[in-house]
Every structure is written in structure tokens, then in C-alpha cells.
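The primary structure of each chain is shown beneath.
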Amino acid sequence: MTAVPVVIGVRADAAPRRQGDASGALVDTFGRVHRDLRISLTDRCSLRCTYCMPEQGNEWLARSSILTVDEIVEVARVAAAAGITTFRLTGGEPLLRTDIVDVVRRLASLAGPDGRPVELAMTTNGIRLGDVLPDLMAAGLRRVNISIDTLRRDRFHELTRRDRLPEVLQGIAAAAASGLSPLKLNAVAMRDVNDDELVDLVAFAIAHDAQLRFIEQMPLDAGHTWDRARMVTRDEILATLSTRWDLTAVPGRGGAPAERWTLDGGPHTVGIIASVTAPFCGDCDRLRLTADGQLRNCLFSTTEYDLLPTLRAPHADGDIDRMLRACVRGKLPGHAINDPSFLQPARGMNAIGG
Ligand code: SAM
Ligand code: SF4
């Protein structure tokens, strides 16, 4: 039998299968159906995580280019009509938007062509979450992911350059008490930074009835300081967790970025998002909208589809729909982090939306 080369998570003999439809679902040239739109609400943040943003010298997006609620809802409405079923609000820090409850309320009222309401989720650093969560839930927020890389206050201060761990812990406690489910906690695993806390972080998540998801560090920091040798790999994370729990792989991952394992037979699970050492590009169903109106088909894409001129001039629905489809058609089979020719995108993670 002849071996089929695998190109970054997609079988090379699988492409191309289908062109994106002129109407109907958002299908790319490799047959991937897109159902998830990540909406970045701002590039600004209350923290300065070293793997995401530099302490100083950030070139913020021009305030005049940041999408208004009306503009965000307009894009989302067209996306929902084209088959996007899940919207995840992110940033930067989405809770810095003073109009966040309004954004949630208006997006949560959207429905797909089948009349089903869209699902609205948020990724946040947790600061302020305790204060606004009741209003966000009343407005229609259904799921929340909170990022926490360490449980030690001094380490948190060093890693995020802000002494705000107690506020993050309050946010997590509020989310755990709220009944929003599943509650997910995200942690970027880093060598000699928090790799001695992997077990503690999982135990903390279990105590909050949450699922910890470790993320392999990716070359997306605005300071361009990523170093492969310093990232902790999926296999290393599994080896460490195996010293404490019996891990059993959970089948049926679908398009989800995280692989999951039950801990000692369940019900609790742990997830790993191994974008670097085990990319899942072949099942990717995500698109991204940046806070300044750029559509992106991949975290690592160096091409953007600028919706701003269309949104800010007289236009028809079809114009945004066409841009969405062009973005989907332009999607490559996978990212090229592991390729020597890999070029880090100009935007940092805070300006793309994680
Ligand atoms: N501020 C919010 C937060 O931290 O949850 C939302 C935006 S943040 C960019 C979204 C996620 O991206 C966080 O879980 C963060 O840990 C992750 N992230 C940021 N930079 C990363 C990098 N270089 N590699 C891996 N994950 C990263
Ligand atoms: Fe802010 Fe999130 Fe980036 Fe940390 S990871 S600096 S909390 S946007």
C-alpha cells in the first residue's frame, strides 16, 4: 500500500472535495463545515500574560476601528443565517467592554435558518466576572471558559504582570456557583513557570466541578518570544497527570479543539489542546472576527478579510455573506507551525481573539 502524506492534520489525498456553496453551509475546499465564530470584542486587557502581550509597546487597535454592537450583530446575523451555530466572545478581555451585557443580549437573540437560537459562550480571564455574571446569564450567556495558569499569587503576578489572582478566583467561584455548565478552565502549560502545578490545577478544577484544559503554548505572543524548547508538550502533560490519576481517552472529539481523558474513570475529565504537537486542523470548524472587523479563517493566518469598509458604507446582506464565503474558501488545510517556513502572524493573540 502506498503511504499517504499527511499535511498538518489533513490527509493530502482529501483535498479538494467541495467548493463552498454560494448559499447554505460554510463549507471550505477541504469539506470542513464551519459552525463556530469567535468574536474578539477588544484587543485591550486587564492583564499582560507574558505568552500573549508585552508589558509595554502594545500598538492598540485604533478606537475608531473597533466594531460597534450594531456592526457585530450585523455580521453575526449573516453568519447565523449561513450556519454558524456557536458564537464565542473573546479578546483581549471581553469583560472590558462596557456594553458587554448588550452585546450578549443582542447576539443571544439570533437564530439559525432552522429557527434554533444560537449558542453563546465567552472566554475570559475572570476579572469582573463575579459582578457581571448574573446580568450576562439573564442576557443569554450559556457557557464560560476562564483562564488560570497558576494558583500561586506571586507567580500569577509575575506571569500576568498584575497582582489580581484573588479577583480571578472570585470570578471562578461565581461561575462555579452559577450552574453554567460545563465550566472550563484554561491553562497554558509552561516549562519552569507552572509545570510543577499541573496536578494542582486539575485538582482545583475538580473541586469547582470544572474541566481543566491545558493549552500547548503557541507562537502567538505579540512580543514574538515563543521558544519551542520552553513549551510543555501534550505527552509531557499526560505523563505528569498519569502519576496522579488513571487517564482514559474519551472518544468522539468531533470538531472540539481539546482531546479529553477521564480521571480515575470519571466523571471528571481533563482536556489538552495540543495545537503544536498534535494539530487538529483537519476537523477545524472555526472562523474569527477581530475587534476591528477582520475575518480570519485560522489563528495563524496571515491573510485577513476586511469587513470594515463594507459595514461602514451602504451595503446589502449579500456583501457580508460573500466575504464570509471568500474567507472560508481561502482556508488552508492547516497551520504550518511545524514547517521551517512558518511565519508568525503580525497580530498577537490579544488582537486575534483566542
Ligand atoms: N482574556 C481572555 C482570557 O485570557 O481568557 C480571552 C482572550 S485570551 C487571548 C484566550 C485564550 O488564549 C486564553 O485561554 C489564553 O491563555 C490563550 N492564549 C493566549 N496566548 C496564547 C499562546 N501564545 N499560546 C496558547 N494559548 C494562548
Ligand atoms: Fe489578557 Fe487573555 Fe492575553 Fe492574558 S491571555 S493578556 S488575560 S488577553
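In this report, we go over the structure that sits alongside the text. Residue numbering note: each chain is counted from 1, following its sequence as written. Chain letters and ligand numbers both follow the written order, the letters beginning at A and the numbers at 1. Local features in a predicted model are, by the rule used here, given only for residues with pLDDT of at least 70; side-chain atom pairs are given and counted only at 80 or more, and totals for whole chains, interfaces and linings are based on all residues. Excluded from the side-chain calculation are hydrogens and water; included are all heavy atoms of the structure.

This part covers the pattern of salt bridges. By definition here, a salt bridge exists when the distance from a side-chain nitrogen of Lys or Arg to a carboxyl oxygen of Asp or Glu is within 4 Å. Following the criterion strictly, the structure yields 24 salt bridges and no others. The partner of aspartate 196 in a salt bridge is arginine 155, and the shortest N-O contact between them spans 2.7 Å. One end of the pair, aspartate 196, is in the loop between β9 (184-189) and α6 (198-207); the other, arginine 155, is in helix α4 (residues 153-160), with 41 residues separating them in the sequence. Exposure classes here rest on a 1.4 Å probe applied to the protein chains alone. A residue is buried below 20% of its type maximum, exposed above 50%, and partly exposed in between. Among the residues examined, aspartate 196 registers a relative accessible area of 45% and is labelled partly exposed. Judged by its relative accessible area of 18%, arginine 155 falls in the buried class. A salt bridge links glutamate 304 to arginine 296, with the nearest nitrogen and oxygen atoms 2.6 Å apart. Glutamate 304 sits in the partly exposed class, given a relative accessible area of 28%. The numbering of helices and of strands both runs from the N terminus, where a helix is a DSSP run of H or I of at least 4 residues and a strand a run of E of at least 2.

Attention shifts here to the side chain of glutamate 71. Relative to the helices and strands, glutamate 71 resides in helix α1 (residues 69-81). Overall, glutamate 71 belongs to the buried group, its relative accessible area being 10%. In this structure the side chain of glutamate 71 is engaged in a polar contact, spanning 2.9 Å, whose partner is the backbone nitrogen of threonine 68. Pairs of N or O atoms within 3.5 Å make up the polar contacts considered here, provided that, within protein, one atom can donate a hydrogen while the other can accept it, and that residues adjacent in sequence are counted only when both atoms are side-chain atoms. At a separation of 2.8 Å, a polar atom in the side chain of glutamate 71 contacts the side chain of arginine 312. Contact partners of glutamate 71, with chain neighbours within four places excluded, come to Ile66, Leu311 and Arg312. Contacts are assigned to residue pairs with any non-hydrogen atoms lying within 4.5 Å of each other.

Mapped onto the elements of the fold, threonine 86 is located in strand β6 (residues 86-90). Take threonine 86: its relative accessible area is 15%, and that puts it in the buried class. Other than its neighbours up to four places away in sequence, threonine 86 contacts Arg35, Asp36, Leu37, Glu119 and Arg143.

Distances are taken per atom, and a residue is near a molecule or strand as soon as one of its heavy atoms is within 4 Å of it. Near ligand 1, the surroundings consist of 18 residues, among which Tyr51, Gly92, Thr124, Ser147 and Met218 are the closest. The backbone of glycine 92 places a nitrogen or oxygen atom 3.0 Å from a nitrogen atom of ligand 1. Counting residues per element, the ones that place at least two in the shell around ligand 1 are β7 (119-124), β9 and β10 (211-216). Any residue outside Ala, Val, Leu, Ile, Met, Phe, Trp, Tyr, Cys, Pro, Asp, Glu, Lys and Arg is labelled polar, Gly included; the first ten of those are nonpolar and the last four are charged. Here the residues of the shell around ligand 1 are counted per class, giving six nonpolar, 10 polar and two charged.

Let's shift gears to unusual backbone geometry. Trans is the common state for peptide bonds, and a negative phi is the common state for residues other than glycine. The residue after serine 181, namely proline 182, is reached through a cis peptide bond having omega -5 degrees. Position of proline 182 relative to the elements: it lies in the loop between α5 (165-178) and β9. Note that the residue after glycine 266, namely proline 267, is joined by a cis bond; omega there is 5 degrees. Residue position: proline 267 is located in the loop between β12 (259-263) and β13 (269-273). Phi at aspartate 192 is positive, roughly 60 degrees, even though this residue is not glycine. Residue placement: aspartate 192 occurs in the loop between β9 and α6. Look at aspartate 209: it is not a glycine, yet its phi comes out positive at around 55 degrees.

Another point: the nonpolar core. To define a nonpolar core, start from buried Ala, Val, Leu, Ile, Met, Phe, Trp, Tyr and Cys residues and group those joined through side-chain atoms within 4.5 Å. In terms of nonpolar packing, the biggest core is built from 101 residues, with Phe87, Leu89, Leu107, Leu136 and Phe214 touching the most fellow members. The contacts of leucine 136, once residues within four sequence positions are left out, are Leu95, Ile100, Val101, Val104, Met122, Leu129 and Leu141.

A word on the sheet that holds β7. Read from one edge to the other, the open sheet built from 12 strands follows the order β11-β12-β13-β10-β9-β8-β7-β6-β5-β14-β15-β16, with strand pairing classed as mixed. What marks the edges here is a single partner per strand, and that holds for β11 (247-249) and β16 (305-306). Only strands joined by at least two bridges in the DSSP assignment are considered to pair. Note: strand β5 (residues 36-40) against strand β14 (residues 286-289), four bridges, orientation parallel. Bridged to arginine 38 within β14 is arginine 288. Between N-to-C directions, angles cover 0 to 180 degrees, with each direction set by a line fitted to C-alpha atoms, over the stretch in contact for helices. Packed onto the sheet, α1 meets β5, β6 and β14 and runs at close to 150 degrees relative to β6. Seen against the sheet, α5 touches β8 (143-147) and β9 and runs at an angle of roughly 155 degrees to β8.

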